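# Remarks on the overall topology
Listed below are the residues making up each chain.
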Amino acid sequence: MTETIIVGCGEVGTRLAQRLLARGEAVRGLVRSITSAARLAAVGVPSVVYDLMTPDAAPAGLVTAGVDLFHFAPPPEQGVLDLHTRHLVGLFAHSGNPRRIVYISTTGVYGDCRGAWIDETQPVQPQAERSQRRWDAEQTLQHWRERSGGEVVIVRVAGIYGPGRLPLARLRQGLPLVRPAEAPYSNRIHVEDLVTVCDAARERGVDGAVYNACDDAPSTMTEYFLAVAAAAGLPAPPLLPLAEASAQVSAGMRSYLAESRRISNRKLREELGVVLQYPDLAAGLRSLF
Ligand SMILES: NC(=O)c1ccc[n+]([C@@H]2O[C@H](COP(=O)([O-])OP(=O)(O)OC[C@H]3O[C@@H](n4cnc5c(N)ncnc54)[C@H](OP(=O)(O)O)[C@@H]3O)[C@@H](O)[C@H]2O)c1
């Protein structure tokens, strides 16, 4: 049986590992810290500890030729290059190449689309540095594919929500939101649906292809926060003009406010055959409260 390794076996990876183990597959998770390895052991997921920033210290047998590899480790927090992915691909020269890599990227690589509906044919124009790092990772993997004959499927993921992954702390602080008329569009996916998408990408994804992972129903960021507040029984935050709200939020949130797009998931449904359990936020929130 082909072994599967999940590089960056955090929340999404752990859920996927548990699903694959339940089907009788051989799975290992790769994490950076001993604490995370202990967390995986506690839920029955075998793991290996290795920091992708240390290419010269990779333990023997970390990756073996012919494995299926899910790459879920985020890039480093600085710069416009993803050294983690570059180092990972460098390891294959010694270990042999995986059969297929499924990579979680971000829909941030599309940059600002001024609220337009887009699909995977939209040219990328990553603006934020975090999105430039993701684009670097995608290109590193596609170049590896061309050189090695190995397979790559890229999953561009929208905002992930689910149990323990809602902006409740922010809502409790009462931080302002952008008034609806000026609020940018955002896109989401429930974490369990993302696991289904990654599984399908390995099984049925076309080699070299990109798939957007989001639900059927983009909404403005303000609608999202208000829906979560209502579901959680929290007071609705104040609504301010964009310029005023931008001045009061973190730099990270400001960069999200600068981008607006509505993302189609048609390819996900039609080519990968994914049926979402939570096709819109209302369905997802019903399951969480
Ligand atoms: N948040 C969103 O809405 C969103 C949207 C699009 C894409 N994504 C991406 O989706 C992916 C999966 O998300 P998630 O929630 O499962 O992430 P997560 O829980 O933060 O897990 C990330 C994993 O990567 C490992 N990792 C980080 N740096 C590493 C390094 N230098 N070497 C080895 N392992 C390293 C971590 O190990 P340790 O725990 O040991 O540090 C952890 O196991 C991430 O890449 C995330 O950035 C997120």
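Look up: the structure comes first, before these words.
Predicted model only: the values in this text are computed from it and were never measured.

## Considering the overall build of the chain
A count of helices and strands for the chain gives 11 helices and 15 strands. On C-alpha atoms alone, the chain measures out to a radius of gyration of 19 Å, which is about the 19 Å that the 2.2 N^0.38 rule sets for 289 residues. For the chain, the spread of C-alpha atoms along the three principal axes comes to 55 × 40 × 35 Å. Among the 289 residues that make up the chain, the fraction classed as buried is 39%. Contacts in the chain between residues far apart in sequence, at least 24 positions, make up 77% of those at least 6 positions apart.

## Quick word on unusual backbone geometry
Most of the time, phi is negative for any residue but glycine, and the peptide bond is trans. The phi torsion at Arg114 lies on the positive side, around 50°, for a residue other than glycine. By the secondary structure assignment, Arg114 is in the loop between strand E5 (100-106) and strand E6 (117-118).

## Notes on the nonpolar core
Judged by nonpolar contacts, the single largest core of 50 residues is most densely connected at Ile6, Val155, Val197 and Ala213. At six residues, the largest contribution of residues to this core is made by helix H6 (residues 191-204). In this view, Ala213 contacts Val155, Arg156, Val157, Ala158, Ile189, Leu194, Val197 and Leu268; residues no more than four positions away in its chain are not counted. Grouped together as the second largest cluster of nonpolar side chains are 12 residues, Tyr161, Tyr224, Val228 and Ala245 included.

## Some points on the site of the ligand
Around the ligand, a shell composed of 23 residues is seen, among which Gly8, Gly10, Val12, Ser33 and Ser36 lie nearest. Looking at the shell around the ligand, the elements that each hand over two or more residues are helix H1 (11-22), E5 and strand E8 (159-161). Here the shell around the ligand takes three residues from H1, the largest share from any one element. In the shell around the ligand, the residues fall into 12 nonpolar, eight polar and three charged.

## A look at the sheet that holds strand E3 (residues 47-49)
With respect to topology, seven strands assemble into an open sheet ordered E3-E2-E1-E4-E5-E7-E12, the strand pairing being parallel. This sheet does not close on itself; its edge strands, each paired only once, are E3 and strand E12 (210-213). Taken over all neighbouring pairs, the strand axes of this sheet differ in orientation by 20° on average, direction set aside. Here helix H2 (residues 34-42) sits on the sheet in contact with strand E2 (27-31) and E3, set at roughly 175° to E3.

## Quick look at the pairing of strand E4 (residues 68-71)
Side-chain alternation along E4 places Asp68 and Phe70 on one buried face and Leu69 and His71 on a second face that is also buried. At this point the chain moves from E4, through helix H3 (residues 83-95), to the parallel E5, and the crossover so formed is right-handed.

Conventions and cut-offs
Residues numbered from 1 in each chain as written. Predicted model: local features only at pLDDT ≥ 70, side-chain atom pairs only at ≥ 80, totals over all residues. Helix = DSSP H or I, 4+ residues; strand = E, 2+ residues; numbered from the N terminus. Rg over C-alpha atoms; globule rule 2.2 N^0.38 Å. Buried ≥ 20, exposed ≤ 12 C-beta atoms within 10 Å, placed from the backbone. Contact = placed C-beta atoms within 7 Å. Core = buried A, V, L, I, M, F, W, Y, C linked by C-beta atoms within 7 Å. Near = placed C-beta within 6 Å. Nonpolar A, V, L, I, M, F, W, Y, C, P; charged D, E, K, R; others polar. Pairing = 2+ DSSP bridges. Axes fitted to C-alpha atoms, helices over the stretch in contact; angles between N-to-C directions. Right-handed = clockwise from strand over helix to strand, strands pointing away.

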